[in-house]
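One-letter residues, chain by chain:
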Amino acid sequence: MAFIQQGPRLPHPLHHDRVLGAWLRTHFEPDELAGFLPDLAHLGDYAVAAHARSLPGLREETVLRQWDAWGRRIDHIALGTAWREGAALTARHGLLWAGHEPHSAGLQRCSQFARVYLYHVASAFYTCPLAMTDGAATVLKANPGLPLAAAALPHFLSHSAEDLWLAGQWMTETSGGSDVSRTEVEARQDGAGRWRLYGRKWFASAIVGEAALALARPAGAGAGSSALGLFLAQTRTDEGSWRDGLRIERLKDKLGTRELPTAEIALDGLEAVPVGEPSQGVRKIAPVLNITRTWNTICALATMRRALALACDYAQRREAFGGVLADKPLHRETLAGLAAEFEAAFALGFGVARLLGIVESGLADAATHAAWRVLTPLAKLWTGKLAVCITSECLEAFGGAGYIEDTGLPLLLRDAQVYPIWEGTTNVLAMDALRVLEEGPAPLASWLGSQWPRQNPDGLGVLAALDAATRWWQQVQPDTARLQAGARGLALTLARCAAATLLAQTAQSAGEIGDPRPAAALRRFLANGLLRLPALAADESGAILSQD
Ligand code: MFK
């Protein structure tokens, strides 16, 4: 009989993830950890079962049926298995409500995002509406007097699947994409003073929810983003059909995330209530962006972890050139380099989740608040890119099998490509970071310095990289075009410095109980280099790009 290669097996995502384990042990007391460990274990079990079920790697396509047999407009969306199971898992295991439970040290977001990290890949991006619902809940908590808020908030954070509502986030239009200043959807008041929305939204992610937050231009308001309002709409009637004034035009034909029903929608008088003053829309929705960007970061980590887990398992099973791949120095070295990048990214991503909880609990001083604000886009932009890179490398670690659909591997790469795009592209986020770094990198450098564990000699390398970033900023800062052109390099450098600092904290506490592995990952990550700053050379991009 011809040789048959054994495929990779997925190790249990909780019991065989030393990175998550070390992080949880560093930040939670054993008693507290024991309290939510059953949720984590169950979500890990679910991930293993969903992985087995999802082979041979074909996701169930989401299908929109616009008309019934008799010509009635129904816009019915048929969802896949993972999506039908999502509400029960969310309510039972606290994927949303756990992040809003009070915690004396502000660790509620950490226990929530540990759950999200274990659940994400199995969820087939059901985490997308969860992220937006989390953002909507955060907005409603900040605007408690809002009509509908009192009714909607308990649904968003429900412990019961039957009562759970999901929220969408309707920002993007054909006119502007990331540039919401060109928003065309209009909000008009009817004769009874009720606000209604008119126009078209081009990317309504997860159009299955019961509510949505929408940016719209109040009739008669001026141009630009400062004239936009934020509106909360209920999308479904009590019977579950779409409300008047909302039509689903079509579902997007996407590269990946195909179980996630992203839609183009037409608004023709959908009733909505303003959140705050009708001219405060961008400011009101900004907290949502910081929440969904954190979800994006954690979900990108989950994809990297999945790809690495499969590639490492396969390396133990695949024999070539007289031994298993795991024993080949170059193969091992390749995987270790990727794993060290992942481990540092994990420290940054969960560090941002921790800071979010501290800020939301009112426990952050000004410097911590400022660090959280800038680290949120930095973590999102770096982990988004890294997820594509690591997933691509992991596919390569399977050779030709990594390119074959029914191994289930190409799906991971197609899905990963969404992380750098939605919720702000790499460049949009680099510009966001630049906006926050008004005084340059020095305040962040000083906060990171305060976090570095004492007596760790590796801190010198981070300090030197931060000094270089500050000097670079000082030199180019008078020239706005050059500063903007270098924003991505600056952002990546700062993200890597922050990641090294936060990984050093885990390495310190792991070292105290005799686990040298996080310290080894830190050394390897530092050896990969921290600096990604552009050279201080003349700007020749125009010359390079011109073809005529
Ligand atoms: C599985 C993972 C889950 C992920 C879920 C994914 C769901 C996907 C759904 C989507 O993709 S929705 C579309 C995503 N679109 C974006 O992310 C928009 C990208 N554009 C930006 O981020 C722009 O910077 C932004 C729209 C936020 C603002 O642009 P503007 O119009 O130029 O406004 P401006 O003047 O920069 O900022 C207005 C105010 O908001 C300022 O405050 P002040 O008026 O007080 O000065 C800003 O400081 C503030 N602001 C902006 N971004 C902020 C913020 N405040 C806090 N945090 C932020 N991130």
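Everything here concerns the structure above.
A brief structural summary.

Definitions and limits used
Residues numbered from 1 in each chain as written. Predicted model: local features only at pLDDT ≥ 70, side-chain atom pairs only at ≥ 80, totals over all residues. Heavy atoms only, no water. Helix = DSSP H or I, 4+ residues; strand = E, 2+ residues; numbered from the N terminus. Rg over C-alpha atoms; globule rule 2.2 N^0.38 Å. Buried < 20%, exposed > 50% of the residue type's maximum accessible area, 1.4 Å probe, protein only. Contact = heavy atoms within 4.5 Å. Areas by Shrake-Rupley, 256 points an atom, 1.4 Å probe, with all protein chains shown as cover. Core = buried A, V, L, I, M, F, W, Y, C linked by side-chain atoms within 4.5 Å. Domains from an automatic or database assignment. 1 Å grid on protein atoms, 1.4 Å probe; cavity = no way out; pocket = protein on both sides within 12 Å on 5 of 7 lines; lining within 4 Å. Points joined across faces, edges and corners; volume = space filled by probe spheres on them. Nonpolar A, V, L, I, M, F, W, Y, C, P; charged D, E, K, R; others polar. Polar contact = N/O pair within 3.5 Å; in protein donor to acceptor, adjacent residues only side chain to side chain. Axes fitted to C-alpha atoms, helices over the stretch in contact; angles between N-to-C directions. Parallel < 35°, antiparallel > 145°, perpendicular 65-115°, else oblique. Left-handed = near helix turned anticlockwise from the far one by under 90°. Salt bridge = Lys/Arg side-chain N within 4 Å of Asp/Glu carboxyl O.

1. Looking at the overall build of the protein chain
Looking only at helices and strands, the protein chain features 17 helices and 11 strands. For 548 residues, the compact-globule estimate of 2.2 N^0.38 gives 24 Å, and the C-alpha radius of gyration of the protein chain, at 24 Å, lies within 12% of that figure. C-alpha atoms of the protein chain, sized along the principal axes, occupy 75 × 70 × 65 Å. When each of the 548 residues of the protein chain is scored for burial, the buried share is 55%. Of the contacts formed within the protein chain by residues at least 6 apart in sequence, a portion of 75% connects residues at least 24 apart. Carbon and sulfur atoms make up 54% of the accessible area of the protein chain, which amounts to about 23,700 Å² in all.

2. Brief notes about the nonpolar core
If you look at the biggest cluster of nonpolar residues, it comprises 155 residues, and the most contacted ones within it are Tyr 117, Trp 170, Ile 207, Leu 348, Leu 375, Leu 378 and Trp 382. Two domains each provide a minimum of three residues to this core, namely domain 1 (167-278) and domain 2 (428-536). Among all residues touching Leu 378, those that are not within four sequence positions of it are Ala 433, Leu 444, Ala 491, Leu 494 and Ala 495.

3. Some words on empty space enclosed by the protein
Rolled over the atoms, a probe with the dimensions of a water molecule shows which regions are left empty. Counting across every chain of the model gives 5 cavities of 30 Å³ or more. Put simply, the largest cavity is a space of about 130 Å³. At the level of secondary structure, the elements contributing two or more residues to the lining of the largest cavity comprise helix H4 (108-119) and helix H7 (281-317). Residues belonging to the lining of the largest cavity are distributed by class as follows: 8 nonpolar, 2 polar and 3 charged. Of the voids in this model, the second largest cavity is the one considered here, and its volume is about 60 Å³. The wall of the second largest cavity is formed by Trp 23, His 27, Ala 347, Gly 351, Arg 354, Leu 502, Gln 505 and Thr 506. Those elements that provide at least two residues to the lining of the second largest cavity are helix H1 (18-27), helix H8 (329-360) and helix H15 (487-512). Split into classes, the residues belonging to the lining of the second largest cavity amount to 3 nonpolar, 4 polar and 1 charged.

4. As for the side chain of Arg 196
Locating Arg 196 in the fold gives a position in strand E5 (residues 195-204). One polar contact links Arg 196 to Asp 190, side chain to side chain, over a distance of 2.9 Å. Engagement of the side chain of Arg 196 in a polar contact is seen with the backbone oxygen of Gly 269, the distance being 2.9 Å. In this structure, Arg 196 is in contact with Glu 186, Ala 187, Arg 188, Asp 190, Gly 269, Leu 270 and Glu 271, ignoring residues within four places of it in sequence.

5. Considering the packing of H7 against helix H10 (residues 409-416)
The interhelical angle for the contact between H7 and H10, taken along N-to-C directions, is 155°, at an axis separation of 11 Å. Overall, the two elements H7 and H10 adopt an arrangement that is roughly antiparallel. In terms of crossing hand, the pair formed by H7 and H10 is left-handed. Residue-level contacts link Thr 303, Arg 306, Ala 307 and Leu 310 of H7 to Leu 409, Leu 412 and Ala 416 of H10. Here the residues of the contact of H7 with H10 are counted per class, giving 5 nonpolar, 1 polar and 1 charged.

6. Quick notes on the pattern of salt bridges
Scanning the entire structure with this criterion turns up 27 salt bridges. Between Arg 496 and Glu 341 there is a salt bridge whose closest N-O contact spans 2.7 Å. Of this pair, Arg 496 sits in helix H15 while Glu 341 sits in helix H8, placing them 155 residues apart in sequence. Residue classification places Glu 341 among the buried positions, given a relative accessible area of 10%. Because the salt bridges share partners, they merge into one network encompassing Arg 73, Asp 75, Arg 247 and Glu 249.

7. Details of the layout of surface pockets
Approximately 1,300 Å³ is the volume attributed to the largest pocket. Lining the largest pocket are 50 residues, and of these Thr 172, Ile 421, Trp 422, Glu 423 and Gly 424 sit closest to its centre. Of all the secondary structure elements, the ones that give two or more residues to the lining of the largest pocket are helix H5 (127-142), H7, H10 and helix H11 (426-436). No other element matches the 10 residues that H7 contributes to the lining of the largest pocket. By residue class, the composition of the lining of the largest pocket is 23 nonpolar, 18 polar and 9 charged. Residues lining the lining of the largest pocket come from more than one domain, with at least three contributed by each of domain 1 (167-278) and domain 2 (428-536).

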